Amino acid sequence: MKHIKILNGSTLKDSLKNGGCGECQTSCQSACKTSCTVANQSCQKN
Amino acid sequence: MIHKFSLFGTNIVLDVNSGSVHIFDDVAYDVLDFYKKHEASTIYGKLSSKYSEAQVTEALEEIGELEACGLLYSKDEYEEYLPLWEKPAVVKAMCLHISHDCNLRCRYCFAGTGNFGGDRINMSADIGKKAIDFLISQSGNRRNLEIDFFGGEPMLNFHVVKEIVEYALSREKKFNKKFKFTLTTNAVLLKEEHKDYINKNFHNIVLSIDGRKETNDRMRIKIDGSGTYGDILPKIKDMADSRNQDNYYVRGTFTRENLDFSKDVLHLADLGFKQVSVEPVVAAMDTGYDIREEDLCTLFGEYESLAAEYVKRAKDGRGFNFFHFMIDLSQGPCISKRLGGCGSGHEYLAVTPSGDIYPCHQFVGMDEFKMGNVMNEGLNKEIQNTFKKSNVYSKEKCRGCWAKFYCSGGCAANAFQFNKDINSPYEIGCELEKKRVECALWAKAQLMDNEL
Ligand code: SF4
Ligand code: SF4
């Protein structure tokens, strides 16, 4: 494509397939004790 | 739903539901404003002063291609899956308030300088062990369990911390659990002898420092009113180095009194810290240092300039991690996690020195949120379910928000503090969060673009 660069594909929909195991870290535990951001956490399976 | 924004000449388009992120050139970016709303011929007309018909046609075709591949205007299919994820509530993390006392008197402390409005007491080892038993009993099949030692100041009661750690580890095998420990400390009492123990047993340590000396010492003060910067910096530095600059965070808070907080972040980075988190204070409106709507514009500018410097340093090989700019576009958390957020009140609970249970550390001391005590088996299921049901779809504001899968619905405690409803997010927090996500996406795009 000339006008558009795709940085990443449909990652959220892919995670529907095997997500939800719940083994990941709780979000407020690490550095953020008020301003919750979840997107920077990692998945335990990866 | 899509979200488009332009920062430092890069046009970024996010397809909210697929999580796909694109860089558009100016033609495609402008065309996108009219896509789906007008016929091609009308769009040519509207943009004829800027672009040729051929350019517009090409851009339209490429946008159409993205849409056909499910990478633009993709549907939200997640809400219908919500019932599938309806599993019984399990608890997987606990914040243990090891001490409701503190050796500092930080002006912005949400815990009323340590005691959360109650007595200045320490947790006993007995209560701590009961909390571990309670967590195990409530954790179902969940294997990974987390304990954060929090305060007040947990180092005031470190021998109990150790006893609890040893106890938890001794239960791992029997119950097939794996504990991860973290510690949040003001670093004043950190000594050589603690270092080895912490580095051996603790997965993460959060070390509080606000940034520049004048910023830190304005807020983080001792009982006699003097500043702490000079005392804590060498200890924090030593601790971070002893962990090879990994698995820790220096964590600061900015207030209305240092709206130029990007300088504090960069100060910490200049000192050699590689893991930095600095976030806005959450303070009542009458404190004087609370963040107000009129400050947002300044703060947006701060996040932007910080993002620019962040990318520059990363490209020069002098990079550091800023907690709120870290976004993994390929393998972040799954959608189920993104819908629910922090897990307070159902997956994550806080326990006070006397064993009382609250939805999280920020709710401690609010009677209407008391969920039980670790000495008794039960947990208030009504409160637990209220929190469990709270997700980006249960909050009207979040449902329509483009940042929902990054923010996950914000902080329940802030929402309650400002709007008396855990499902009604705190607006200033939202504005800052959205700006942070934009800057994080931008920074990621710059760094990925380098690799592509
Ligand atoms: S930014 Fe605010 S509205 Fe958007 S998802 Fe977060 S809490 Fe909800
Ligand atoms: S409600 Fe807020 S402070 Fe409490 S755990 Fe969640 S994000 Fe953290």
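Residues numbered from 1 in each chain as written. Chains lettered and ligands numbered in written order. Predicted model: local features only at pLDDT ≥ 70, side-chain atom pairs only at ≥ 80, totals over all residues. Heavy atoms only, no water.

## A closer look at the site of ligand 1
Residues and elements named next belong to chain B. What counts, and what does not: What makes a residue near a molecule or strand is one non-hydrogen atom of that residue sitting within 4 Å of it. Only runs of H or I of at least four residues qualify as helices and only runs of E of at least two qualify as strands under DSSP, and these elements are numbered from the N terminus. Only Asp, Glu, Lys and Arg are considered charged in this grouping, and only Ala, Val, Leu, Ile, Met, Phe, Trp, Tyr, Cys and Pro are considered nonpolar; every other residue, Gly among them, is considered polar.
Near ligand 1 the following residues occur: Lys397, Cys398, Cys401, Lys404, Cys407, Gly409, Gly410, Pro425 and Cys430. Only α13 (396-399) and α14 (404-407) provide two or more residues apiece to the shell around ligand 1. Split into classes, the residues belonging to the shell around ligand 1 amount to 5 nonpolar, 2 polar and 2 charged.

## Looking at the sheet that holds strand β1 (residues 2-7) of chain B
What counts here: We treat two strands as partners when DSSP finds at least two bridges between them. Think of each axis as a best-fit line through the C-alpha atoms, taken over the contacting stretch in the case of a helix, with angles from 0 to 180 degrees between the N-to-C directions. Contacts between residues were defined by any pair of non-hydrogen atoms, one from each residue, lying within 4.5 Å.
Reading across the sheet, the 4 strands line up as β1(A)-β3(B)-β2(B)-β1(B) and stay open at both edges, with antiparallel pairing between neighbours. The sheet terminates laterally at β1 (4-6) of chain A together with β1 of chain B, the two strands that pair on one side only. Within the sheet, the average angular offset between the axes of one strand and its neighbour, ignoring direction, is 25 degrees. Here β1 of chain A runs beside strand β3 (residues 20-24) of chain B; their pairing, made up of 3 bridges, is antiparallel. Note on β3 of chain B: the bridge partner recorded for Lys5 of chain A is Ile23 of chain B. Of the strands in this sheet, β1 of chain A together with β3 of chain B touch helix α3 (residues 53-68) of chain B, which is tilted by about 20 degrees from β1 of chain A.

## Let's talk about the nonpolar core
Operational definition: The term nonpolar core refers to a set of buried residues drawn from Ala, Val, Leu, Ile, Met, Phe, Trp, Tyr and Cys, joined through side-chain atoms within 4.5 Å. Each residue's exposure class comes from its accessible area (1.4 Å probe, protein chains only) as a fraction of the maximum for that residue type: buried when under 20%, exposed when over 50%, partly exposed otherwise.
Leu96, Phe149, Phe322 and Phe363 of chain B are the most contacted members of the largest nonpolar core, which has 130 residues in total. At 10 residues, the largest contribution of residues to this core is made by helix α16 (residues 427-451) of chain B.

## Description of α3 of chain B
Where we set the bar: Here the expected span of a helix is defined as 1.5 Å times the quantity of residues minus one. The arc in question is traced by the directions running from the helix axis to the C-beta atoms.
Its 16 residues give α3 of chain B an end-to-end C-alpha distance of 22 Å, which sits within 8% of 22 Å, the value for a rise of 1.5 Å per residue. Those residues of α3 of chain B that fall on the buried side of the exposure criterion are Val56, Ala59, Leu60, Glu62, Ile63 and Leu66 of chain B. Taken end-on, α3 of chain B shows its buried residues confined to a sector of 165 degrees, consistent with a single buried face. Exposed side chains of α3 of chain B directed beyond 90 degrees from the buried face belong to Glu53, Glu61 and Ala68 of chain B. Looking at the buried side of α3 of chain B, the elements it contacts are β1 of chain A together with β3, α1 (26-32) and α2 (40-47) of chain B. Gly70 of chain B sits one or two residues past α3 of chain B and shows a positive phi near 80 degrees.

## What about the interface of chain A and chain B?
Filter applied, for reference: For any pair of parts, buried area is found by adding up, for both, the accessible area (1.4 Å probe) each one loses once the two are put together. Note on definitions: salt bridges are taken to be side-chain nitrogens of Lys or Arg within 4 Å of carboxyl oxygens of Asp or Glu. In the analysis that follows, any N or O atom pair within 3.5 Å is treated as a polar contact, provided that within protein one partner can donate a hydrogen and the other can accept it, and provided that, for residues neighboring in sequence, both atoms belong to side chains.
Taken together, the 41 residues of chain A in the interface contact 83 residues of chain B. Summing the contributions of chain A and of chain B, the shared interface buries around 5,400 Å²; its carbon and sulfur component is 54%. One can count 2 salt bridges joining chain A with chain B. The shortest N-O distance in the salt bridge between Glu77 of chain B and Lys13 of chain A comes to 3.5 Å. Counting across the interface, chain A meets chain B through 17 residue pairs in polar contact (both at pLDDT 80 or more). Broken down by secondary-structure element, the contributors of at least two residues to the side of chain A that touches chain B are β1 and α1 (11-18) of chain A. Counting residues per element, the side of chain A that touches chain B draws most heavily on α1 of chain A, which supplies 5 residues. Of the residues assigned to the side of chain A that touches chain B, the class counts are 15 nonpolar, 21 polar and 5 charged.

## Focus on the packing of helix α6 (residues 192-201) of chain B against helix α8 (residues 229-242) of chain B
Residue and element names in this part refer to chain B. The condition that has to hold: Should the near helix be turned counterclockwise from the far one by less than a right angle, the crossing is left-handed, whereas a clockwise turn marks it as right-handed.
Contact geometry for α6 and α8: axes closest at 11 Å, N-to-C directions at 35 degrees. Here the hand of the crossing between α6 and α8 comes out right-handed. Residues Glu192, Lys195, Ile198 and Asn199 of α6 touch α8, and the partners they reach there are Asp238, Met239 and Ser242. The residue makeup of the contact of α6 with α8, split by class, is 2 nonpolar, 2 polar and 3 charged.

## Brief notes about unusual backbone geometry
Residue and element names in this part refer to chain B. Each neighbour pair has its own omega, and for Gly151 with Gly152 the value is 0 degrees, a cis peptide bond. Here Gly152 shows up in the loop between β5 (144-150) and α5 (158-175). Positive phi, normally seen in glycine, also occurs at Asn244, with a value near 55 degrees. On the secondary structure map, Asn244 appears in the loop between α8 and β8 (248-254). With phi around 55 degrees, Lys420 is a residue other than glycine that occupies positive phi space. Examined against the element boundaries, Lys420 turns out to sit in the loop between α15 (412-419) and α16.

## As for the environment of Asp241 of chain B
Structurally, Asp241 of chain B can be placed in helix α8. At 2.8 Å, the side chain of Asp241 of chain B and the side chain of Gln245 of chain B are in polar contact.

## Considerations on the packing of helix α4 (residues 125-138) of chain B against α5 of chain B
The relative placement of two packed helices is expressed as an angle between their axes plus a distance between the axes. All names here are of chain B. The condition is simple: Roughly parallel covers angles under 35 degrees, roughly antiparallel covers those over 145, roughly perpendicular covers 65 to 115, and oblique covers all other angles.
Contact geometry for α4 and α5: axes closest at 9 Å, N-to-C directions at 30 degrees. One element, α4, and the other, α5, form an angle in the roughly parallel class. Crossing handedness for the pair α4 and α5: right-handed. Side by side, α4 and α5 meet where Ala125, Gly128, Lys129, Ile132, Asp133 and Ile136 of the first sit next to Val160, Glu163, Ile164, Tyr167, Ala168, Arg171 and Phe175 of the second. For the contact of α4 with α5, the per-class residue count stands at 8 nonpolar, 1 polar and 4 charged.

## A short note on helix α12 (residues 381-389) of chain B
All names here are of chain B. Listed as buried for α12 are Ile383, Gln384 and Phe387. Seen end-on, α12 carries its buried residues on one side only, within an arc spanning 100 degrees. Pointing more than 90 degrees away from the buried face of α12 are the exposed residues Glu382 and Lys389. Taken together, the buried residues of α12 touch α15. Near the N-terminus of α12, the side chain that reaches the backbone nitrogen of Glu382, with its oxygen 2.9 Å away, is that of Asn380.

## A word on the sheet that holds strand β13 (residues 372-373) of chain B
Residues and elements named next belong to chain B. With mixed pairing, 10 strands are arranged side by side in an open sheet as β10-β9-β8-β7-β6-β5-β4-β11-β12-β13. In this open sheet, the two strands that pair with only one neighbour each are β10 (321-322) and β13. Relative to strand β7 (residues 202-208), strand β6 (residues 178-185) is paired through 5 bridges, and the arrangement is parallel. Bridging across to β7, Thr182 finds its partner in Asn204. Most of the contacts of α5 go to β6, to which it runs at about 165 degrees, and overall it touches β4 (93-97), β5, β6 and β7.

## Thoughts on the environment of Val13 of chain B
Residues and elements named next belong to chain B. Positionally, Val13 belongs in strand β2 (residues 10-15). The class of Val13 is buried, set by a relative accessible area of 0%. When the C-alpha positions of Val13 and His3 are compared, they lie 5.8 Å apart, and in sequence the two are 10 residues distant. Leave out the neighbours within four places in its chain, and Val13 touches His3, Lys4, Ser20, Val21, His22, Phe24, Tyr29, Leu32 and Leu72.

This is a description of form; function is not addressed.
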